[in-house]
Amino acid sequence: DAGVIQSPRHEVTEMGQEVTLRCKPISGHDYLFWYRQTMMRGLELLIYFNNNVPIDDSGMPEDRFSAKMPNASFSTLKIQPSEPRDSAVYFCASSKGLAGGYTDTQYFGPGTRLTVL
Amino acid sequence: EDQVTQSPEALRLQEGESSSLNCSYTVSGLRGLFWYRQDPGKGPEFLFTLYSAGEEKEKERLKATLTKKESFLHITAPKPEDSATYLCAVNAGNNRKLIWGLGTSLAVNP
């Protein structure tokens, strides 16, 4: 399996521009997670999906952030308009679901390093 | 509030010098504790999952243990290639969310 695929790997943009990050989860995984990682705050969960449906978006910082999962093999995270404080590494992860509500291992993509000037 | 704390923040070892990393947690209803390794410029890579106090898992030079309040990642006779950031995360409650620690940055000198 190719693992979780993310694109682009690096993105440099100017404040106010729209940014779209893309993710292809591992085939057969029911859950997809979007994270943001910074030195100060570590890994923060932004939103996660189950069977393409958003389950918890309480980590989305504000209305400038939105995420979609139109099908089982593709998800996007959009920031519009972008701001310098959005600069971070954004990771996508996917996992299977376990019976009894237990969480299975999350497998991470290589991340997108976003720099907003 | 659910919380995960890792210590130390950074650790420097000589090759062959064994040590332990700590992950303490305060959560309601632990449903799993996860250890990951992260190399610079890469995504976290899964190492272990522990579900109940007393459980232990091993992989090469690494051994993870779990108590009711903390987990240890023991590194025996480390090599330079073990240098990385080690992340701990817990799952609690009735959802799939993981609560992450800030990690321990490990450097092993040859």
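Residues numbered from 1 in each chain as written. Chains lettered and ligands numbered in written order. Predicted model: local features only at pLDDT ≥ 70, side-chain atom pairs only at ≥ 80, totals over all residues. Heavy atoms only, no water.

**Quick notes on the pairing of strand S2 (residues 10–14) of chain B**
Residue and element names in this part refer to chain B.
- Only one face of S2 is covered, namely the one carrying Leu11 and Leu13; the face carrying Ala10, Arg12 and Gln14 has none of its residues buried.
- In the sheet, S2 pairs with strand S11 (residues 104–109) via five bridges, with the strands oriented parallel. Bridge pairing in S11 places Ala10 opposite Ser105. (Buried < 20%, exposed > 50% of the residue type's maximum accessible area, 1.4 Å probe, protein only. Helix = DSSP H or I, 4+ residues; strand = E, 2+ residues; numbered from the N terminus. Pairing = 2+ DSSP bridges.)

**Thoughts on the environment of Leu43 of chain A**
- Summarising the element assignment, Leu43 of chain A is placed in strand S5 (residues 42–50).
- Along the backbone, Leu43 of chain A and Ser73 of chain A are 30 residues apart, and their C-alpha atoms lie at a distance of 23 Å.
- Those residues in contact with Leu43 of chain A that sit more than four places away from it in its chain are Tyr35, Arg36, Gln37 and Phe91 of chain A together with Pro44, Leu87 and Trp100 of chain B. (Contact = heavy atoms within 4.5 Å.)

**Side note on the pattern of salt bridges**
- If you walk through the whole model with that rule in mind, you get 13 salt bridges over all chains.
- The structure contains a network of salt bridges with shared partners spanning Glu62, Arg64, Glu83, Arg85 and Asp86 of chain A. (Salt bridge = Lys/Arg side-chain N within 4 Å of Asp/Glu carboxyl O.)

**A short note on the packing of aromatic side chains**
- Under the defined criterion, the tally for this structure stands at eleven aromatic pairs over all chains.
- Relative to Tyr36 of chain B, the ring of Phe108 of chain A has its centre 5.6 Å away and its plane inclined at 85°; by these criteria the two rings are edge-to-face. Note that Phe108 of chain A is positioned in strand S10 (residues 107–108) and Tyr36 of chain B in strand S4 (residues 30–38), a pairing that runs across two chains.
- Accessibility expressed as a relative area gives 0% for Tyr36 of chain B, which makes it buried. (Phe/Tyr/Trp six-rings, centres within 6.5 Å; stacked < 30°, edge-to-face > 60°.)

**Points about the state of the cysteines**
- Counted under the stated rule, the structure contains two disulfides over all chains.
- The disulfide bridge from Cys23 of chain A ends at Cys92 of chain A, spanning 1.8 Å between sulfur atoms. Across the S-S bond of Cys23 of chain A and Cys92 of chain A the torsion is about -65°, and the bridge reads as left-handed. Placement of Cys23 of chain A in strand S3 (residues 19–24) and of Cys92 of chain A in strand S9 (residues 88–95) is noted, with a sequence separation of 69 residues between them.
- Note that Cys23 of chain B is cross-linked by a disulfide to Cys88 of chain B, the S-S spacing being 1.9 Å. A torsion of -60° about the S-S bond marks the disulfide between Cys23 of chain B and Cys88 of chain B as left-handed. One end of the pair, Cys23 of chain B, is in strand S3 (residues 19–26); the other, Cys88 of chain B, is in strand S9 (residues 84–92), and 65 residues separate them in sequence. (Disulfide = S-S within 2.5 Å.)

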